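These are the residues of each chain, in order.
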Amino acid sequence: HRYETYSDYLAEDERFYIINAGTPGYTSLQGKEYLKLVLHELAQAGVSPYVVTVYFGNNDRTWNDNIRDHYVLPDSKFKLHLIRMAEVLLKAFWVVERVPPGEFAANLEEVIELCRSRGMKVILIEPVVPRSWPPGLRATDLESERADFLRRAAGTRVATLLSQAIKNYDQGMVELSNHQEAEAEVLLHRAIEEDFVLPRISDEYKQALRDLAQRENVPIISVEQEIPLDDTEYFCDYTHPIGSANQLIANSLLQQILDLLIQDE
């Protein structure tokens, strides 16, 4: 369903023209390649954006049967094939994300370099994560699909972690209903860290994003601390912010863009 994004809120300011080039399901690996195409087509049209906002991390951190995104790209290297086979066969012992944290940071570093080479500013956005959404559920009426996944994936590390996440989430929601927010926050955060099924960024990726921002000296937007623990009004589902959450992001973006404009004067 359609809802107002942070781009929509920012576009309400008549000083800006917003190009929303976001693509659902993309990781940073796909995003950096897509950006090359978008910027090329804009250049062909004589358009040069002043600033590029970058929002990745949720899809990167998701599990896809221990198959990394770069494995599905054409590559005949025998060594890479052996590593892929090992990671897939050993999924009982560890979880391999679509794009591991180190590759995630490297992809975004390439994005920054690409934008800078064309004279464009970059602002990183740290994805916000709903803490009150159940682990492993794409929709609240899909408990049977989650149960089916746990049965199919039985014996894998990702299924073990998801089971733990469900227990921590359930206990966390009990603590929240009892107004024990400190205890609830710990349990709900733990549930997110253990859930690799839903596309939601984790601490390791957030830290990689923050380290990159500091290393490359680019602004980063983070509004997590401004969203309450009971965040049901801030998200429409397991990962997509709406309403107040997007307004918070838009407000922070506006201030960062104005700061960049002042620096350029």
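Refer to the structure above for everything that follows.
This write-up is about the structure you can find in this document. (Residues numbered from 1 in each chain as written. Predicted model: local features only at pLDDT ≥ 70, side-chain atom pairs only at ≥ 80, totals over all residues. Heavy atoms only, no water.)

Further remarks concern the environment of Gly46. Here Gly46 lies in the loop between α2 (28-44) and β1 (51-54). In the structure, Gly46 is positioned 72 residues away from Arg118 in sequence and 13 Å away in space, judged by C-alpha atoms. (Helix = DSSP H or I, 4+ residues; strand = E, 2+ residues; numbered from the N terminus.)

Looking now at the nonpolar core. Of all hydrophobic cores here, the largest spans 28 residues; its most connected members are Val54, Phe104, Leu108, Cys115 and Leu124. Looking at this core, the elements that each hand over two or more residues are α2, β1, α4 (101-117), β2 (121-125) and α8 (203-216). By residue number, the principal contributor to this core is α4, which donates 7 residues. With sequence-adjacent residues up to four places away left out, Phe104 is seen in contact with Ser28, Phe56, Gly57, Asp60, Val99, Tyr205, Ala208 and Leu209. In terms of nonpolar packing, the next biggest core, distinct from the first, is built from 20 residues, Tyr9, Leu10, Phe16 and Tyr234 among them. (Core = buried A, V, L, I, M, F, W, Y, C linked by side-chain atoms within 4.5 Å. Buried < 20%, exposed > 50% of the residue type's maximum accessible area, 1.4 Å probe, protein only. Contact = heavy atoms within 4.5 Å.)

Another point: the sheet that holds strand β3 (residues 220-221). For sheets, the rule is that strands pair by backbone hydrogen bonds, running either parallel or antiparallel. The 3 strands lie next to each other as β1-β2-β3, forming an open sheet whose pairing is parallel. With one partner strand each, in any of the chains shown, β1 and β3 form the two edges of the open sheet. Summarising the sheet, β2 and β3 pair through 2 bridges and their orientation is parallel. Within the sheet, the bridge partner assigned to Ile125 lies in β3 and is Ile221. On top of the sheet, α8 reaches β2 and β3; it is set at about 155° to β2, its chief contact. (Pairing = 2+ DSSP bridges. Axes fitted to C-alpha atoms, helices over the stretch in contact; angles between N-to-C directions.)

In this section: the environment of Val52. Relative to the helices and strands, Val52 resides in strand β1. Val52 gets classed as buried once you look at its relative accessible area, which sits at 12%. C-alpha separation for the pair Val52 and Val111, spaced 59 residues apart in sequence, amounts to 9.5 Å. The residues touching Val52, leaving out its near neighbours within four places in the chain, are Cys115, Met120, Lys121, Val122 and Ile123.

Before going further, it helps to examine the packing of aromatic side chains. What the rule picks out here adds up to 4 aromatic pairs. Judged by centre distance (5.9 Å) and plane angle (25°), the ring pair of Tyr6 and Tyr55 falls under stacked. With Tyr6 in helix α1 (residues 6-11) and Tyr55 in the loop between β1 and α3 (78-89), this residue pair connects regions lying 49 residues apart in the sequence. On the accessibility criterion, Tyr6 (14% relative accessible area) is buried. Ring plane angle 85° and centroid distance 5.6 Å describe the contact between Tyr26 and Tyr34, whose orientation is recorded as edge-to-face. The exposure class assigned to Tyr34 is partly exposed, which follows from its relative accessible area of 29%. (Phe/Tyr/Trp six-rings, centres within 6.5 Å; stacked < 30°, edge-to-face > 60°.)

Turning our attention to the pattern of salt bridges. This structure, assessed with the given rule, holds 13 salt bridges. With its nearest N and O atoms 2.9 Å apart, the salt bridge here joins Arg98 to Asp69. Placement of Arg98 in the loop between α3 and α4 and of Asp69 in the loop between β1 and α3 is noted, with a sequence separation of 29 residues between them. Comparing Arg98 with Asp69, the two get one shared label, buried. Between Arg200 and Asp195 there is a salt bridge whose closest N-O contact spans 3.2 Å. Given a relative accessible area of 0%, Asp195 falls into the buried group. (Salt bridge = Lys/Arg side-chain N within 4 Å of Asp/Glu carboxyl O.)

This paragraph deals with the packing of helix α5 (residues 143-152) against helix α6 (residues 157-177). Packed helices, taken two at a time, are described by their axes: the angle between them and the distance between them. For the pair α5 and α6, the least separation of the axes is 9 Å and the interaxial angle reads 140°. The angle between α5 and α6 places the two elements in the oblique class. α5 and α6 meet at a crossing whose hand is left-handed. Of the residues in α6, those touching α5 at Arg146, Phe149 and Leu150 are Val158, Ala159, Leu162, Ser163 and Ile166. (Parallel < 35°, antiparallel > 145°, perpendicular 65-115°, else oblique. Left-handed = near helix turned anticlockwise from the far one by under 90°.)

Just geometry here; none of it tells us what the structure is for.
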